[in-house]
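What follows is each chain in one-letter form.
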Amino acid sequence: MNRTVQILTGIWVAGVTVAAFLWLPPAEGFRSPEAARIVVFHVPCAMLTFVAFLVNAVYSWKYLRSRDPLTDSKANAAAELGMLFAILATVTGSLFAMEQWGSAWNWDPRETSIVMLMLVYAAYFVLRGAVEEKSKRARLSAAYALLAFPAMVFLIWILPRIVESLHPTNTLFSRSGLDPKYRITLWSFFAGLLAVFVWMFRLRLRVEIAEARLRRQHRRDTMPEATPAGETR
Amino acid sequence: MKWQIVLRRVGKVFDERTVLRDISATITAPGAWVISGPNGSGKSTLLRIIAGLLTPTEGEVLYLYNGERLTARQQRQAVGMVAPDMALYRPLTALENLRFFARARGLSLRDSELLEWLEKVQLRPRAHDPVATFSTGMVQRLKLLTALLHRPPVLLLDEPGSNLDEAGARFIYQTVKEHAGHGIVVIATNDTRELGYGEPLIQLGA
Amino acid sequence: MKWQIVLRRVGKVFDERTVLRDISATITAPGAWVISGPNGSGKSTLLRIIAGLLTPTEGEVLYLYNGERLTARQQRQAVGMVAPDMALYRPLTALENLRFFARARGLSLRDSELLEWLEKVQLRPRAHDPVATFSTGMVQRLKLLTALLHRPPVLLLDEPGSNLDEAGARFIYQTVKEHAGHGIVVIATNDTRELGYGEPLIQLGA
Amino acid sequence: MNRSSSWAHEAIAVFAKDWLLELRTRVALGAVVLFAVTSVVASGFALAPPSGVPAEVKAALLWVVIFFAAVAGLSRVFVVEEETRTADALRLAVSSTGVFAGKLAFNAVLMWTLCAITVPLYLLLLEAPLRNASLLVIVVLLGSTALACATTAVGAIVAKATMRGALFGVLSFPVALPPLLVVIHATKAAWLSDNAWRVAAGDLQVLSGFMLVIVPASVLVFEHIWSE
Amino acid sequence: MNRSSSWAHEAIAVFAKDWLLELRTRVALGAVVLFAVTSVVASGFALAPPSGVPAEVKAALLWVVIFFAAVAGLSRVFVVEEETRTADALRLAVSSTGVFAGKLAFNAVLMWTLCAITVPLYLLLLEAPLRNASLLVIVVLLGSTALACATTAVGAIVAKATMRGALFGVLSFPVALPPLLVVIHATKAAWLSDNAWRVAAGDLQVLSGFMLVIVPASVLVFEHIWSE
Ligand code: HEM
Ligand SMILES: Nc1ncnc2c1ncn2[C@@H]1O[C@H](COP(=O)(O)OP(=O)(O)OP(=O)(O)O)[C@@H](O)[C@H]1O
Ligand SMILES: Nc1ncnc2c1ncn2[C@@H]1O[C@H](COP(=O)(O)OP(=O)(O)OP(=O)(O)O)[C@@H](O)[C@H]1O
Ligand SMILES: [Mg+2]
Ligand SMILES: [Mg+2]
């Protein structure tokens with residue numbers, strides 16, 4: 001992404017944030033209507049978590065087909081960002097919960113499932129940390145991501161819907177309880193975050209590529225005499 | 001030219017270490033070939049690539065039968081391999097090990113036939129002892145049998161004579177000679193005795 | 001007659017299988033000795049008994065220094081051993097392996113000294129690679145070093161040359177010759193090259 | 001010489017070999033079962049008197065115990081192949097689907113045996129109510145199979161990494177969580193509900209659906225885990 | 001060349017090597033901790049809402065979780081030596097006391113790390129009451145050390161048998177039961193009692209006494225387990 005797009009993204013996100021406080025009316029029907037505007041940050045973060053994990057699964061599958069190291073880096077970057085947004089969703093949710101339910105943590109199915117979700121990807125990162133050889137690490141973590149994906153779908157879509165929960169579902173999309181401005185602000189913020197996601201994703205990849213180049217250079221510098229015992233041809 | 005193995009510009013890079021580069025060869029039945037080279041030159045790596053146990057970073061290995069490519073399954077059935085890093089099931093007896101490999105490959109061999117195989121490497125009296133109690137050389141003999149059992153047209157031997165006594169070395173020699181009459185044998189070795197078992201195919205790290 | 005190892009009617013029975021029976025010998029420094037015999041004749045078992053890794057069912061092994069018996073600790077410090085069944089720590093690098101064995105034995109060797117050791121077997125450029133990525137022969141070379149590091153007066157080598165190339169075999173030959181000048185070397189082998197490295201001590205299973 | 005290897009044939013050979021290894025070393029089975037029994041007894045002790053504990057907690061605890069016991073045993077089938085370096089020989093002899101099917105069958109049988117011993121003991125020691133025994137049998141059978149399906153491929157991943165035992169728990173927990181949660185719910189129903197079949201029907205469907213998704217996914221992915 | 005090996009020296013070398021192996025493979029530690037975290041979260045879910053669960057059950061559950069996590073990791077130190085066939089080289093280089101001391105130190109550090117992460121998390125998520133924090137720290141420290149002491153020698157036995165992981169739990173449970181029961185009692189005291197120190201004093205004495213008995217006993221037994 002070039003500089004102008006980056007700057008525009010920044011302005012967009014800042015603008016939507018300001019709008020959420022100045023333009024958006026308080027959300028009636030919540031215990032603290034003023035604090036409830038946090039929902040326009042909370043929900044996009046949660047949605048981006050899913051987007052990121054979906055991207056991770058797609059690149060994992062692609063990696064197994066192509067065995068291209070860069071694809072593996074993409075899968076990893078997506079998982080890292082997914083983790084980041086999961087943390088943001090939890091933090092905003094907890095702030096919300098403090099106002100709405102009186103306690104930051106209630107073992108609500110939503111809360112449980114997002115923790116489980118984070119555990120899935122914590123396990124993914126542990127697995128990556130535990131395998132030295134790069135191609136093997138890529139293969140195994142891709143396989144794991146694909147195995148964990150159905151479980152994740154279950155945790156996100158099925159579990160919170162079959163267990164009774166305090167947490168709202170479909171408030172914003174089907175029922176007409178909230179001011180339509182909410183939908184607009186929320187999707188605007190989502191669009192802004194998506195742009196941030198793409199930007200961070202590419203940044204992460206650039207770092208990865210630069211690191212790989214450095215490592216290769218380091219190897220060349222420190223091992224000039226690398227032909228012992230006929231080690232290579 | 002029934003059986004052929006074609007290596008097309010095969011290369012292997014581990015992380016950033018290039019072990020094999022641009023290796024091409026055509027191996028045609030019948031005959032025995034030797035891959036030689038000092039320690040760490042990539043003999044075992046090349047043999048594992050030929051066997052299909054390792055995917056090369058570049059290039060490819062083709063198995064041809066009368067000019068046609070084999071499927072992965074056919075290729076697996078066509079190969080018998082022995083390598084220092086391939087172990088047997090140590091808690092199982094010699095006979096049980098043979099029985100498993102026979103069944104897994106879809107062979108219906110009776111125990112009496114398997115015992116005859118064991119006889120060939122002087123292990124018949126130990127048929128019912130767990131492999132864990134075998135000496136290094138006895139294990140190596142049994143490994144040879146598991147590679148021969150399905151009479152594969154392609155035999156890949158990585159340092160087959162290591163830890164063997166003279167009788168064992170003789171068995172290898174005979175096996176190679178016999179096999180080279182109709183199929184393909186590829187031997188990776190440093191052992192001066194074994195260097196002469198076939199024609200030089202590739203000299204690595206020279 | 002400073003260093004002496006005395007085998008007194010040593011016997012070993014595994015379950016009901018008698019592997020060694022009534023073996024007596026006196027090994028005196030300096031010199032190199034060879035234990036030979038076909039596969040499964042008990043060479044490795046005897047070497048493990050001499051090293052103190054296995055307790056004989058009958059008889060005993062005495063380590064004497066100027067006629068006096070050594071304690072278990074002194075005996076451990078006096079022995080360096082290489083065997084096919086003894087492995088190194090594969091996730092650790094070559095240097096880390098050497099460092100551990102040096103420290104565990106109470107040696108204070110600097111890294112530069114350890115790198116010199118590695119240089120001797122052409123492993124210096126691979127000093128910082130995990131042993132898991134080494135080839136069979138490279139592992140064998142490193143194993144030899146761990147046995148030599150504490151300059152033990154008694155060197156027990158079980159098939160030391162297996163999987164080694166010519167440079168490796170030369171290193172073993174030199175090590176044995178050098179060591180046999182002041183200490184004791186016992187080699188168990190089938191390799192025709194190595195049979196000549198010392199005087200025949202025991203011929204098993206003949 | 002009669003060559004008739006399909007993956008089913010191969011799977012049978014692998015299963016038979018693993019079972020023989022198991023009988024020879026008496027590892028996974030004996031140990032897993034003893035582990036579960038120990039935990040059940042410990043739970044009984046920790047929760048004494050059991051009458052005060054809600055059935056929900058009891059159902060959860062039963063499956064947590066079974067899951068932990070499974071963790072102790074299920075990853076063995078692959079770990080053992082890699083650790084003893086027999087995996088290469090297996091790779092050469094058998095197709096990856098054959099290996100997966102054989103190992104899955106072994107793990108399923110292991111789980112059934114485990115449950116056949118643990119569940120009655122648990123019912124006895126923890127005074128679990130039992131309204132609907134035939135439903136319980138079906139729930140346990142389906143649940144244990146689903147757990148085996150969920151974790152077998154993870155076992156193969158763990159075997160490839162340099163970490164073994166403990167990691168299996170970490171990696172398989174998230175994958176096993178969906179069937180675990182569902183089966184806990186269904187178990188509670190079998191214990192308590194009057195219209196248990198109706199309550200559990202949905203759970204059993206979800207369980208079956210989960211298996212129908214995870215097994216093909218595992219087979220597809222397994223090929224990439226298994227060969228280098 | 002400076003030869004100064006006593007068992008303490010040897011133990012340090014063994015400890016350093018194991019720690020390095022640990023860092024290299026990031027096994028026991030990372031996995032054990034995640035295992036514990038997973039279990040705590042699972043317990044939190046199973047017992048939700050936690051306010052209704054008696055403190056006794058919570059104390060028991062905390063230590064059961066720690067014990068299971070430990071089982072998953074502690075046996076590694078010996079099993080790994082036998083399975084990778086490095087035990088012989090170690091036997092030749094180091095005295096059995098040196099090996100035991102090094103392995104015990106490693107396991108103790110592992111347990112401390114585990115507890116440093118698990119206990120605060122558990123307190124947080126399960127809303128455990130906390131009357132006496134400094135006592136709790138001492139109880140946890142002593143308890144985890146005692147568990148490490150109790151299970152290290154068992155780990156060596158397991159490594160010798162052909163059974164591994166799962167069996168470790170079975171064998172170590174009886175040995176670990178006394179400190180487990182005592183430490184659960186002391187934890188409950190630290191949570192609830194007004195005169196916690198007085199209540200727990202006896203427990204702490206028993207724990208210390210247990211270690212004073214089990215460690216020398218293990219050292220003696222270990223020599224015979226370790227060499228063939
Ligand atoms: C730590 C606590 C919380 C977490 C982890 C959390 C997590 C999530 C997640 C993952 C979603 C996306 C769900 C979906 O798209 O179906 C979501 C949506 C939402 N959350 Fe939360 N949440 C928390 C607390 C709260 C609280 C206290 C409220 C206010 C009562 C709240 C209100 C909402 C709303 C209104 C949605 C949109 C739901 C929809 O319309 O489908 N959240 N939350
Ligand atoms: N998994 C791996 N990761 C990284 N490097 C590896 C790996 N396997 C092998 N190598 C490297 O590849 C090179 C070739 O190894 P290979 O085992 O093929 O040698 P070799 O010719 O068989 O030697 P030897 O005669 O000792 O058996 C070595 O330098 C080795 O370190
Ligand atoms: N743990 C054991 N239990 C039972 N029998 C054993 C055990 N270890 C070795 N044996 C038996 O002892 C005999 C001698 O074995 P050993 O390993 O000493 O032979 P070796 O002379 O070294 O043979 P090789 O040349 O093959 O290395 C063999 O018959 C072997 O089966
Ligand atoms: Mg090799
Ligand atoms: Mg031997």
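This structure is a prediction, so every number in the text was calculated from the model and none was measured.

Moving on, we come to the overall build of chain B. For chain B, the count of helices and strands is seven helices and nine strands. At 17 Å, chain B has a C-alpha radius of gyration in line with the 17 Å of a compact globule built from 206 residues. Projected onto the principal axes, the alpha-carbon positions of chain B cover approximately 45 × 35 × 35 Å. Within the span of chain B, comprising 206 residues, buried residues form 64% of the whole. Summarising the internal contacts of chain B: among those between residues at least 6 apart in sequence, 72% fall at separations of at least 24. Carbon and sulfur atoms make up 48% of the accessible area of chain B, which amounts to about 7900 Å² in all.

The next point concerns the interface of chain D and chain B. Taken together, the contact between chain D and chain B spans 28 residues of the former and 30 residues of the latter. Here chain D and chain B share an interface that buries about 2800 Å² over both sides, 58% of which is from carbon and sulfur atoms. At the boundary of chain D and chain B, one finds four salt bridges. At the boundary of chain D and chain B, one finds eight residue pairs in polar contact (both at pLDDT 80 or more). Mapped onto the side of chain D that touches chain B, the elements with two or more residues apiece are α1 (7–25) and α5 (87–93) of chain D. Ranked by residue count, the leading element in the side of chain D that touches chain B is α1 of chain D, at nine residues. Taken together, the residues of the side of chain D that touches chain B sort by class into eleven nonpolar, eight polar and nine charged.

Let us look at the confidence of the model for chain B. The predicted coordinates of low-pLDDT regions are not to be read in fine detail. All names here are of chain B. Residue-level pLDDT values for chain B average 92, and 99% of them are 70 or greater. The least confident element of chain B, judged by mean pLDDT, is helix α7 (residues 192–195) at 84; the most confident is strand β7 (residues 154–158) at 96. Confidence estimates for the predicted assembly give a pTM of 0.84 and an ipTM of 0.82.

Each partner contributes to the interface: chain E provides 28 residues, whereas chain C provides 30 residues. At the boundary of chain E with chain C, total buried surface from both sides reaches about 2800 Å², with 58% on carbon and sulfur atoms. One salt bridge connects D88 of chain E with R48 of chain C, and the closest N-O pair in it is separated by 2.5 Å. Only α1 (7–25) and α5 (87–93) of chain E provide two or more residues apiece to the side of chain E that touches chain C.

Next up on the list: the sheet that holds strand β5 (residues 68–69) of chain C. All names here are of chain C. One open sheet accounts for four strands, arranged β2-β1-β4-β5; its pairing is antiparallel. Among the strands making up the open sheet, the edge pair consists of β2 (17–28) and β5. Helix α1 (residues 43–51) rests against β1 (3–14), β2 and β4 (58–65) of the sheet, and its axis sits at about 125° to β1.

Now for the site of ligand 2. Residues in contact with ligand 2 amount to 21 residues; listed here are only the nearest, K43, S44 and T45 of chain B together with T133 and S135 of chain C. Each of chains A, B and C places residues near ligand 2. In the model, an oxygen atom of ligand 2 is placed 2.5 Å from a nitrogen or oxygen of the T133 of chain C main chain. Taking S135 of chain C, its side chain carries an N or O atom lying 2.5 Å from an oxygen atom of ligand 2. Every element with two or more residues in the shell around ligand 2 is listed here: α1 (43–51) of chain B together with α5 (136–148) of chain C. Grouping the amino acids of the shell around ligand 2 by side-chain chemistry returns five nonpolar, eleven polar and five charged.

What follows covers the side chain of D158 of chain C. Residue and element names in this part refer to chain C. Mapped onto the elements, D158 comes out in strand β7 (residues 154–158). We note that D158 is buried and unpaired, the nearest opposite charge coming from K43 at a distance of 6.7 Å. Among the polar contacts listed, one links the side chain of D158 to the side chain of S44, at a separation of 2.7 Å. Once residues within four sequence positions are removed from consideration, D158 is found in contact with S44, L47, V82, A83, P84 and A188.

As a further point, take helix α9 (residues 196–226) of chain E. Residue and element names in this part refer to chain E. A rise of 1.5 Å per residue sets the reference length of α9, with its 31 residues, at 45 Å; its end C-alpha atoms lie 42 Å apart and thus fit the reference within 8%. Of all the bends found along α9, the most pronounced is centred on L220 and spans about 25°. Taken together, the buried positions of α9 are occupied by A196, A200, D203, L204, L207, F210, M211, I214, S218, F222, I225 and W226.

We now examine unusual backbone geometry. Omega for the peptide link from A29 of chain B to P30 of chain B comes to -5°, which places this bond in the cis form. Residue placement: P30 of chain B occurs in the loop between β2 (17–28) and β3 (31–36). Phi at R151 of chain C takes a positive value of approximately 45°, unusual for a residue other than glycine. Examined against the element boundaries, R151 of chain C turns out to sit in the loop between α5 and β7. At N163 of chain C, a position not held by glycine, the phi torsion is positive, near 70°. Within the element layout of this structure, N163 of chain C appears in the loop between β7 and α6 (166–180).

Another aspect to go through is the pairing of strand β8 (residues 184–188) of chain C. Residues and elements named next belong to chain C. With respect to burial, β8 is a largely interior element, five of its five residues being buried. Both faces of β8 are covered, namely the face carrying I184, V186 and A188 and the face carrying V185 and I187. Summarising the sheet, strand β3 (residues 31–36) and β8 pair through five bridges and their orientation is parallel. Considered in β8, the bridge of G31 is made with I184. Summarising the sheet, β7 and β8 pair through five bridges and their orientation is parallel. Paired with L155 across the strands is V185, a residue of β8. Assessed by its sense of winding, the connection that carries the chain from β7 through α6 to β8 is right-handed.

Mapped onto the fold, D88 of chain D is located in helix α5. For D88 of chain D and F67 of chain D, which are 21 residues apart along the polypeptide, the C-alpha to C-alpha distance reads 30 Å. Here D88 of chain D is in contact with R48, L53 and M86 of chain B, once residues within four sequence places are set aside.

So, on to the nonpolar core. In this structure, Y144 of chain A together with L7, M81, L118, L142 and L156 of chain B are the most contacted members of the largest nonpolar core, which totals 224 residues. Considering every element that reaches this core, the biggest residue donor is helix α8 (residues 165–192) of chain D, with 17 residues. For L7 of chain B, the contacting residues outside a window of four places in its chain are I23, S24, A25, L46, I50, E60, V61 and I202 of chain B. I5 and V186 of chain C together with L136 and V183 of chain E belong to the second-largest nonpolar core, a separate cluster that totals 142 residues.

Turning our attention to the sheet that holds β7 of chain C. Residues and elements named next belong to chain C. The parallel open sheet is built from five strands, whose spatial order is β6-β7-β8-β3-β9. Unpaired on one side and paired on the other, β6 (79–82) and β9 (199–203) mark the two borders of the sheet. Taken over all neighbouring pairs, the strand axes of this sheet differ in orientation by 20° on average, direction set aside. Packed on one face of the sheet, α1 meets β3, β6, β7, β8 and β9 and runs near 155° to β7. Each of β6 and β7 touches α5; the most contacted strand, β6, lies at about 170° to it.

Thresholds applied
- Residues numbered from 1 in each chain as written.
- Chains lettered and ligands numbered in written order.
- Predicted model: local features only at pLDDT ≥ 70, side-chain atom pairs only at ≥ 80, totals over all residues.
- Heavy atoms only, no water.
- Helix = DSSP H or I, 4+ residues; strand = E, 2+ residues; numbered from the N terminus.
- Rg over C-alpha atoms; globule rule 2.2 N^0.38 Å.
- Buried < 20%, exposed > 50% of the residue type's maximum accessible area, 1.4 Å probe, protein only.
- Contact = heavy atoms within 4.5 Å.
- Areas by Shrake-Rupley, 256 points an atom, 1.4 Å probe, with all protein chains shown as cover.
- Buried area = accessible area lost by both parts, 1.4 Å probe.
- Salt bridge = Lys/Arg side-chain N within 4 Å of Asp/Glu carboxyl O.
- Polar contact = N/O pair within 3.5 Å; in protein donor to acceptor, adjacent residues only side chain to side chain.
- Nonpolar A, V, L, I, M, F, W, Y, C, P; charged D, E, K, R; others polar.
- pLDDT = per-residue confidence, 0-100.
- Pairing = 2+ DSSP bridges.
- Axes fitted to C-alpha atoms, helices over the stretch in contact; angles between N-to-C directions.
- Near = heavy atom within 4 Å.
- Lys, Arg positive; Asp, Glu negative; His and termini not counted.
- Expected span 1.5 Å × (residues − 1).
- Bend = angle between axes of the 7 residues up to and from the residue.
- Right-handed = clockwise from strand over helix to strand, strands pointing away.
- Core = buried A, V, L, I, M, F, W, Y, C linked by side-chain atoms within 4.5 Å.

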